[in-house]
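The residues making up each chain are set out below.
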Amino acid sequence: MNTRPDSHEYLPLAEPYVSLVPEGSITEILQQQHDETLKSLSDLTEEQANYKYAEGKWSLKQVVGHIADVERLWNYRILYIARGDAREFSGYDREIFVRNSPFGSLPLREALKDYAAVRQSSITLIGSLTEEALLREGTFNNYPLSARAAAYVIAGHELHHLNILRDKYLT
């Protein structure tokens with residue numbers, strides 16, 4: 001899939017994520033992100049992985065876990081839409097997810113292992129879809145959502161958080 005989703009394929013709140021994704025094959029972009037993320041984070045110490053840049057903020061490894069959890073949610077939506085079982089999808093509370101996740105207490109290597117497994121699942125799922133399946137739509141928070149747009153949200157969401165990691169955690 002080499003074509004970007006049109007703005008009518010996703011809710012306006014997703015635009016900042018979709019706009020971050022470069023041109024090219026979405027599966028190749030997801031694979032490149034996977035490789036770059038693991039390369040840039042694998043050699044960090046546990047002290048670095050536990051770092052929070054301010055009170056009330058997530059640790060670096062909690063951010064990695066958040067990326068993986070959100071990707072799981074988007075994959076769920078992609079699967080339903082692509083298989084033709086379109087429905088109304090709701091959002092979630094990211095703070096509840098992070099608070100109840102194990103990522104804050106896991107070693108960084110385990111958080112990265114989880115991220116890598118989820119990303120490989122995304123790549124195989126998205127890579128297996130036909131053009132027709134990618135263009136199918138469901139509804140997310142009262143807006144249309146195509147499977148293609150959801151794939152771009154996955155990539156853009158990670159780029160958003162990698163920018164924050166670079167600016168706030170890895171300086």
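A brief look at the structure comes next. As the structure is a prediction and not an experimental result, all values here were calculated from the model. (Residues numbered from 1 in each chain as written. Predicted model: local features only at pLDDT ≥ 70, side-chain atom pairs only at ≥ 80, totals over all residues. Heavy atoms only, no water.)

A short note on the pairing of strand 2 (residues 137-140)
Here strand 2 shows a buried face lined by Gly138 and Phe140 and an unburied face lined by Glu137 and Thr139. Here strand 2 runs beside strand 3 (residues 143-146); their pairing, made up of four bridges, is antiparallel. Looking at the pairing, Thr139 lines up with Pro144 of strand 3. Hairpin geometry of strand 2 and strand 3 is characterised by an intervening segment of two residues between the two adjacent antiparallel strands and by a positive phi of about 50° at Asn141. (Buried < 20%, exposed > 50% of the residue type's maximum accessible area, 1.4 Å probe, protein only. Helix = DSSP H or I, 4+ residues; strand = E, 2+ residues; numbered from the N terminus. Pairing = 2+ DSSP bridges.)

Considerations on unusual backbone geometry
The phi angle of most residues is negative, glycine excepted, and most peptide bonds adopt the trans form. Phi is positive for Asn141, close to 50°, though the residue is something other than glycine. The class for Asn141 is partly exposed, based on a relative accessible area of 35%. With a phi angle near 70°, Asn142 is a residue other than glycine that sits in the positive phi range. Tracing the backbone through its elements, the reader meets Asn142 in the loop between strand 2 and strand 3. Residue classification places Asn142 among the exposed residues on the basis of a relative accessible area of 68%.

A word on helix 2 (residues 26-41)
Since one α-helical turn is 3.6 residues long, residues separated by three or four positions face the same way. With 16 residues, helix 2 ought to run about 22 Å at 1.5 Å a step, and its terminal C-alpha atoms sit 22 Å apart, in line with that. Taken residue by residue, helix 2 has Ile26, Thr27, Ile29, Leu30, Gln33, His34, Thr37, Leu38 and Leu41 as its buried positions. An end-on view of helix 2 places all buried positions within 160° of arc, on one side of the element. Residues of helix 2 that are exposed and point more than 90 degrees away from the buried face comprise Glu28 and Lys39. Contact partners of the buried residues in helix 2: helix 4 (60-82), helix 6 (108-128) and helix 8 (147-169). (Expected span 1.5 Å × (residues − 1). Arc of directions from axis to C-beta. Contact = heavy atoms within 4.5 Å.)

Some thoughts on the environment of Asp43
With respect to the helices, strands and loops of the structure, Asp43 is situated in the loop between helix 2 and helix 3 (46-49). Placed 23 residues apart in sequence, Asp43 and Leu20 show a C-alpha to C-alpha distance of 26 Å.

Side note on the packing of aromatic side chains
Under the criterion given, the structure shown has seven aromatic pairs. Consider the rings of Tyr76 and Phe89, whose centres lie 6.0 Å apart with planes at 80°: the pair is edge-to-face. On the criterion of sequence distance, the pair formed by Tyr76 in helix 4 and Phe89 in strand 1 (residues 88-89) is long-range, its members being 13 residues apart. The partly exposed category is assigned to Tyr76, whose relative accessible area is 43%. Between Tyr92 and Phe97, the aromatic rings sit 4.8 Å apart at their centres with planes inclined by 70°, giving edge-to-face as the arrangement. An aromatic cluster of three or more residues is present, and its members are Tyr51, Tyr53 and Tyr169. The residue whose ring lies beneath Arg77 is Trp74, and the NZ or CZ to ring-centre distance is 4.5 Å. (Phe/Tyr/Trp six-rings, centres within 6.5 Å; stacked < 30°, edge-to-face > 60°. Lys NZ or Arg CZ within 6 Å of the ring centre and 35° of its normal.)

Some remarks on the sheet that holds strand 2
If you trace the three strands from one edge of the open sheet to the other, you get 1-2-3, paired in mixed fashion. Two strands close off the open sheet at either side, each with one partner strand: strand 1 and strand 3.

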